[in-house]
Amino acid sequence: MSESGIPSTRASTRATPVPGHGLLRDRVVVVTAAAGAGIGGATARRCLEEGARVMISDAHERRLGQSLAELTEEFGDAAVAALPCDVTSEDQVRGLFAATAEHFGRIDVAVNNAGLGGTADLVDMTDEQWSRVLDVTLNGTMRCTRAALRIMRAQGHGVIVNNASVIGWRAQRGQSHYAAAKAGVMALTRCTALEAAEYGVRVNAVAPSLAMHPHLVKVTSEELLTELTLREAYGRYAEPWEVANVIVFLASGYSSYLTGEVVSVSSQHP
């Protein structure tokens, strides 16, 4: 373990960030749960590096403001905007997508990243614990997908990328609510892709396993982090930007014939 409490990596497998290549030049992207150091924040940054204009959103207004200030300083206020959104609220979700389309003129890509975890054996889990995780992680993704599709259907084009998880495929004790929600995101992705194809809209998902960031270290035991890290083929966790790179690929023209797929950003898949 490193001094920060994060499992150390094998030096030979550490990755180096790659520069942008304009893969999303002039695209308009909206990213939920984009404040902070996790996958959402990394995705917003990678999209900006690839030339996109980005609307970042998050339920945490203070962190969202900090993220906006940092990204605006680096990329300019014409490239990035922000709007708070709680994905459990249909009105806020509708407002987010409507405001993005009004501010930038359209929406080319929606990255539905918001999710909520927790640990509890099912026998001890309350209805509130179950429902809260499902409402944020699965229902929230549904609400955002639906709002994006309504705009993209009228446009005749668009890409939706959902954030699932390898836990939607495999079992882990204490994660029945989160696993059920992420398996639901996978099924939602596949079914929606068939419905969206006639409108020229692609729908795919990424399934990360362990993408390390400071908040995860605070809420997860050292023992579990070590166990999860050792399950990976490279013997290390993913950096959030490594997951973001796959999201950028799915959002770009390089995946033009790919829809209804769940891409594992991990060696753990069926």
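Not measured: the values here are computed from a predicted model.

What counts, and at which threshold
Residues numbered from 1 in each chain as written. Predicted model: local features only at pLDDT ≥ 70, side-chain atom pairs only at ≥ 80, totals over all residues. Heavy atoms only, no water. Pairing = 2+ DSSP bridges. Helix = DSSP H or I, 4+ residues; strand = E, 2+ residues; numbered from the N terminus. Axes fitted to C-alpha atoms, helices over the stretch in contact; angles between N-to-C directions. Contact = heavy atoms within 4.5 Å. Core = buried A, V, L, I, M, F, W, Y, C linked by side-chain atoms within 4.5 Å. Buried < 20%, exposed > 50% of the residue type's maximum accessible area, 1.4 Å probe, protein only. Salt bridge = Lys/Arg side-chain N within 4 Å of Asp/Glu carboxyl O. Right-handed = clockwise from strand over helix to strand, strands pointing away. Disulfide = S-S within 2.5 Å.

Taken in spatial order, the seven strands of this open sheet run β3-β2-β1-β4-β5-β6-β7, and their pairing is parallel. Two strands lie at the open edges of the sheet, namely β3 (80-84) and β7 (262-265), each paired on one side alone. Each adjacent strand pair in this sheet contributes to an overall mean axis angle of 20°, direction not counted. As judged from the four bridges shared by strand β6 (residues 201-208) and β7, these two strands associate in the parallel manner. Bridge pairing links Pro208 to Val265 in β7. Strands in contact with helix α3 (residues 90-104) are β1 (28-31), β2 (53-58), β3 and β4 (109-112); relative to β2, the strand with the most contacts, it is inclined by about 160°. Along the sheet face, helix α4 (residues 127-155) touches β4, β5 (158-163) and β6 and points at about 175° away from the line of β5.

With that settled, the discussion passes to the nonpolar core. By size, the foremost hydrophobic cluster in this structure holds 30 residues, and its most contacted members are Val29, Cys47, Val54, Ile56, Val206, Val243 and Ile247. Of all the elements in the fold, those that place two or more residues in this core are β1, α1 (39-49), β2, α2 (61-75), β4, β5 and α8 (240-251). When residues of this core are assigned to their parent elements, the largest contribution, six residues, is made by α8. Not counting chain neighbours up to four residues away, the residues in contact with Val206 comprise Val161, Asn162, Asn163, Ala164, Ser165, Val243, Val246, Ile247, Leu250, Val263 and Val265. By size, the runner-up hydrophobic cluster in this structure holds 25 residues, among which are Met55, Val93, Phe97 and Met152.

A separate point is unusual backbone geometry. Although it is not a glycine, Asp26 adopts a positive phi angle of roughly 65°. Counting through the fold element by element, Asp26 comes out in the segment before β1. A positive phi angle is found at Ala33, which is not glycine, with a value near 50°. Checked against the element boundaries, Ala33 lands in the loop between β1 and α1. Ala33 sits in the partly exposed class, given a relative accessible area of 26%.

Here the focus is the pattern of salt bridges. Taken as a whole and assessed by the stated rule, the structure comprises ten salt bridges. Two residues, Arg173 and Asp121, come together in a salt bridge whose shortest N-O distance is 2.7 Å. Of this pair, Arg173 sits in the loop between β5 and α5 (176-196) while Asp121 is found in the loop between β4 and α4, placing the two residues 52 residues apart along the sequence. Classification of Asp121 as partly exposed rests on a relative accessible area of 24%. Each of Glu90, Arg94, Arg146 and Arg150 takes part in a single network of salt bridges with overlapping partners.

Relative to β3, β2 is paired through five bridges, and the arrangement is parallel. Its bridge partner lying in β3, Ile56 is registered against Ala82. With α2 bridging β2 and the parallel β3, this β-α-β connection has right-handed handedness.

On to the state of the cysteines. A complete count under the given rule lists zero disulfides for this structure. Take Cys144: it sits in no disulfide, and the sulfur closest to it among the cysteines is that of Cys85, at 5.8 Å. Its relative accessible area of 1% is what places Cys144 among the buried residues. Sulfur of Cys191: no disulfide; nearest cysteine sulfur belongs to Cys144 and is 18 Å away. The exposure class assigned to Cys191 is partly exposed, which follows from its relative accessible area of 48%.

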